[in-house]
Amino acid sequence: MDVDHREAERAFRPAHPRASSLAELIGRLADADVVWDFVGDDDVAVTGACLDSRAVQPGDLYIALPGARAHGADFAEQAAAHGAAAILTDTDGRGRAEATGLPVLTADSVRDVVGRVSAEIYGTEPDAPELLGVTGTNGKTTTTYLVRSLLRALGRTTGLVGTIEIVAGETRIPSVLTTPEAPQLHGIMARMREAGIGAAAMEVSSHSLDYRRVAGLTYRVAGFTNLTQDHLDLHGSMEDYYSTKAELFAPGTAAVAVVTVDDAWGRRLAAERRATCGSETLWTLATTDAADGDDADWRVEHVERRGLGHAFELVGPAGARLRAATGLPGGFNVANAALAVLMVLASGVEAAELQRVLDDADPLTIEVPGRMQVIATEPAAVVDFAHNSDALERAIEAVRGDGSGRVIVVFGATGDRDATKRPVMGAVAARHADVVVVTDDDPHGEEPAGIRAEVLAGATEAIAAEGLATEVVEAAPRAAAIREAVRLARPEDTILVAGRGHETVQEIAGVNHALDDRVELRSALVEAGRSVLAGDQGAAPGRDAEASATGVEKQPAGAERVESTEP
Ligand SMILES: CC(=O)N[C@H]1[C@@H](OP(=O)(O)OP(=O)(O)OC[C@H]2O[C@@H](n3ccc(=O)[nH]c3=O)[C@H](O)[C@@H]2O)O[C@H](CO)[C@@H](O)[C@@H]1O[C@H](C)C(=O)N[C@@H](C)C(=O)N[C@H](CCC(=O)O)C(=O)O
Ligand SMILES: Nc1ncnc2c1ncn2[C@@H]1O[C@H](COP(=O)(O)OP(=O)(O)OP(=O)(O)O)[C@@H](O)[C@H]1O
């Protein structure tokens, strides 16, 4: 186990780390508003930083943090055994840290300094890649992939940090967290710099802001998608959730803010940014008519269905216009695509140059792993990550075509998590789909049949109360449910497999079982003699260099179709 952690950690490091003595580091941090205490030899060289004892590399500063379950100082001996050069901790951890015999730096609030210390160790500023950060409840992953695709089309060497993977030149690391801890982030920035990466798109989760994982990074552009109820277990209230997200848009953190003002939270964020930083570095974006978009700097207009996706125009100040199109299904992907275009424009790219790549390279038609990922077109078959009732409703509506075809949705609810959403998701599916196949998601420690029963109850109640004609089927395990959906589908129908997106394992009673909805759907379609789109759907990110499912520019609608016999 130890070896795995340490091996994995190497991917987060520059190949040629710079060495600083502790004395130099302390000197460079002199302006930080921290009360330091130091014991030991300040001549030792530090080449990296790590806050997980299991992943420590020789020469690291081991940062021993207090956590919800343990104090990092409990693992100081392990860090020392792995070659830590010194330890940074708080007064609680100091005794255990000093017991290792290593030099120990003590600060009053270590979480507050991890970012700055990591930045100094890896030399992140001033030559880190230009960062384009995206936050919001939904759409972060999709928007970062679109930003990266646009930058690549413009000829920039790019990196990516997010829920699915981290890409730094030739290095691709499957993600554990949406936004990694500060030492890993700064290590990755140094690695990107070595790889000559000029710009990176990055998801910034509210957890990462709350835990100060992104401290010490600044953004050329910060983008906001939307805010809806989520993560209240961490934040306690929407107000707190909002305030945490808003930190990304603070003066000094983001040079330019691009804020979607479709919801009231976005409008408030824009007003607050305007009040603190003025209007020059704020770009507001309205993507729906429903929003009070008349005052927005940029509006999405002339949205037209094109294939599975949409063409649209961005209309801006002084008659500025950009034409764009995305092959990603769903109205919400117009919002994601519009935000991505504006973020890239706001980063300083000339409008004419951006229009040229939008026209010539179709950069907004990409495959985002597990997000509205099109596997086949007859029947249409889509895998999506929607795992709450709002997203499920939007996803079902997004795949409903103009014709007579039915929507067959396959989904389940997660065990050991918010049980109240189960009947709600069942009802939403019954209301919006024509056929509902209820199956398992990650049951975790719960009995799967019980979870299905709660989802089914919501569906059947809605059908009875609202006089719906929806057909409801229960099928498990999930692979069998996907096969059932394929069996039921006629060529004009659409199958939506929702909830697990890019995930490649299903956790049942503490055991991870290989399961990839994209792979299962492809195999089921092929077995049923249906065509599937050529592509690498189902490849696990990080395993297959450039050919992985990640950000590979693909044409979902109208892509080459194959009579494949292999999943
Ligand atoms: C709620 C949360 O974010 N918790 C984070 C927190 O855990 P914790 O406070 O419980 O830490 P702990 O287990 O008590 O350990 C204390 C310290 O000892 C260290 N330790 C622990 C064990 C050991 O053997 N050796 C060792 O050094 C740990 O690295 C830690 O620094 O500090 C840990 C170490 O950095 C994180 O890994 C952990 O993230 C957990 C895994 C997590 O699941 N976080 C999720 C909720 C999260 O951050 N999600 C957001 C996205 C959310 C979304 O938008 O959907 C994300 O950015 O990924
Ligand atoms: N702009 C949007 N508004 C509402 N829903 C969206 C939007 N973009 C995507 N979705 C839905 O949310 C799901 C997750 O999308 P995506 O992964 O891009 O968002 P995210 O913010 O990264 O979410 P997560 O943190 O859960 O990964 C998609 O599968 C889709 O169903």
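Residues numbered from 1 in each chain as written. Chains lettered and ligands numbered in written order. Predicted model: local features only at pLDDT ≥ 70, side-chain atom pairs only at ≥ 80, totals over all residues.

- Labelled according to an unreviewed UniProt entry, the protein chain appears under the name UDP-N-acetylmuramyl-tripeptide synthetase, originating from Zhihengliuella alba.
- According to the UniProt record, the Pathway (unreviewed entry) comment for the protein chain is "Cell wall biogenesis; peptidoglycan biosynthesis."
- What UniProt states about the protein chain under its Function (unreviewed entry) heading is, verbatim, "Catalyzes the addition of an amino acid to the nucleotide precursor UDP-N-acetylmuramoyl-L-alanyl-D-glutamate (UMAG) in the biosynthesis of bacterial cell-wall peptidoglycan." (UniProt positions renumbered as here; feature names shortened; annotations may be inferred.)

### With respect to the overall build of the protein chain
Here is step 1: From N to C terminus, the protein chain includes 18 helices and 28 strands.
Here is step 2: The C-alpha radius of gyration computed for the protein chain amounts to 24 Å, which stays within 12% of the reference 24 Å derived for 567 residues, consistent with globular compactness.
Here is step 3: By principal-axis analysis of the C-alpha atoms, the protein chain measures approximately 75 × 60 × 45 Å.
Here is step 4: A buried classification covers 54% of the 567 residues belonging to the protein chain.
Here is step 5: For the protein chain, restricting intrachain contacts to residue pairs at least 6 apart in sequence, the fraction spanning at least 24 positions comes to 69%. (Helix = DSSP H or I, 4+ residues; strand = E, 2+ residues; numbered from the N terminus. Rg over C-alpha atoms; globule rule 2.2 N^0.38 Å. Buried ≥ 20, exposed ≤ 12 C-beta atoms within 10 Å, placed from the backbone. Contact = placed C-beta atoms within 7 Å.)

### Structural notes on the site of ligand 1
Here is step 1: Neighbouring ligand 1 are 19 residues, the closest being Gly67, Arg69, Leu177, Ser205 and His207.
Here is step 2: Classifying every residue of the shell around ligand 1 by side-chain character gives seven nonpolar, eight polar and four charged. (Near = placed C-beta within 6 Å. Nonpolar A, V, L, I, M, F, W, Y, C, P; charged D, E, K, R; others polar.)

### Thoughts on the nonpolar core
Here is step 1: Membership of the largest hydrophobic core comes to 164 residues, with the highest contact counts inside it found for Ile87, Val258, Leu285, Ala338, Val341, Leu342 and Val409.
Here is step 2: Looking at which element gives the most residues to this core, the answer is helix α12 (residues 331-346), with 13 residues.
Here is step 3: Apart from residues no more than four positions distant in its own chain, leucine 342 is found in contact with Val258, Trp283, Leu285, Trp298 and Leu314. (Core = buried A, V, L, I, M, F, W, Y, C linked by C-beta atoms within 7 Å.)

### Let's talk about the site of ligand 2
Here is step 1: The environment of ligand 2 is formed by 21 residues, the closest being Gly139, Lys140, Thr141, Thr142 and Phe385.
Here is step 2: Counting residues per element, the ones that place at least two in the shell around ligand 2 are α6 (140-153), α12 and α14 (389-399).
Here is step 3: Residues that form the shell around ligand 2 fall into these classes: six nonpolar, 10 polar and five charged.

### Here we look at the sheet that holds strand β11 (residues 171-174)
Across a sheet, strands are paired by hydrogen bonds formed along the backbone, either parallel or antiparallel in direction.
Here is step 1: Spatially, the 11 strands line up as an open sheet ordered β11-β10-β9-β12-β8-β13-β14-β15-β16-β17-β18, and their pairing is mixed. Only two strands of the sheet have a single partner each, and these edge strands are β11 and β18 (321-326). Averaged over all pairs of adjacent strands, the angle between strand axes in this sheet comes to 20 degrees, irrespective of strand direction.
Here is step 2: Judged from the four bridges that link them, strand β14 (residues 254-260) and strand β15 (residues 282-286) form a sheet pairing that is parallel. Bridging across to β15, alanine 257 finds its partner in leucine 282.
Here is step 3: The sheet contacts of helix α7 (residues 182-194) involve β9 (158-161), β10 (165-168), β11 and β12 (199-203), and relative to β10 the element is tilted by about 35 degrees.
Here is step 4: Relative to the sheet, helix α11 (residues 264-277) contacts β13 (219-224), β14 and β15, its axis offset from that of β14 by approximately 150 degrees. (Pairing = 2+ DSSP bridges. Axes fitted to C-alpha atoms, helices over the stretch in contact; angles between N-to-C directions.)

### Quick notes on α12
Structurally, the α-helix is built with 3.6 residues per turn, so residues lying three or four positions apart point the same way.
Here is step 1: Look at α12: 23 Å from first C-alpha to last across 16 residues, which is about the 22 Å you get at 1.5 Å a residue.
Here is step 2: The element α12 is extensively covered by neighbouring structure, given that 15 of its 16 residues are classed as buried.
Here is step 3: Note on α12: the residue one or two positions beyond its end, glycine 348, has a positive phi of about 115 degrees. (Expected span 1.5 Å × (residues − 1).)

### Here we look at the pairing of β15
Here is step 1: The buried fraction of β15 amounts to five of the five residues, a majority that puts the element mostly inside the structure.
Here is step 2: Residues of β15 alternate between two faces, with Leu282, Thr284 and Ala286 on one and Trp283 and Leu285 on the opposite face, all of them buried.
Here is step 3: For the segment spanning β14, α11 and β15, crossover handedness is right-handed. (Right-handed = clockwise from strand over helix to strand, strands pointing away.)

### A word on unusual backbone geometry
Excluding glycine, residues mostly carry a negative phi; peptide bonds, for their part, are mostly trans.
Here is step 1: Between glutamate 378 and proline 379 the backbone carries a cis peptide bond, its omega angle lying at 0 degrees.
Here is step 2: For proline 379, the location among the structural elements is in the loop between β19 (373-377) and β20 (380-384).
Here is step 3: Looking along the chain, the bond that leaves alanine 476 and enters proline 477 is cis, with omega of 0 degrees.
Here is step 4: With respect to the element layout, proline 477 can be found in the loop between β23 (471-474) and α17 (478-488).
Here is step 5: A positive phi angle, close to 50 degrees, is found at histidine 444, a residue other than glycine.

### Some remarks on the sheet that holds strand β4 (residues 48-50)
Here is step 1: On the basis of which strands lie adjacent, the open sheet formed by five strands has the order β2-β7-β6-β5-β4 and mixed pairing. Since the sheet does not close on itself, it has two edges, and those belong to β2 (36-39) and β4, each with one partner. On average, each strand axis in the sheet is inclined to that of its neighbour by 20 degrees, with strand direction left out of account.
Here is step 2: Sheet analysis places strand β5 (residues 60-63) next to strand β6 (residues 86-89), joined by three bridges and oriented parallel. The residue bridging tyrosine 62 from the neighbouring strand is isoleucine 87, located in β6.
Here is step 3: Each of β2, β6 and β7 (104-107) is contacted by helix α4 (residues 91-98), which is oriented at about 170 degrees to β7, the strand it contacts most.
Here is step 4: The sheet strands contacting helix α5 (residues 110-122) are β4, β5, β6 and β7, and the helix crosses β4 at an angle near 155 degrees.

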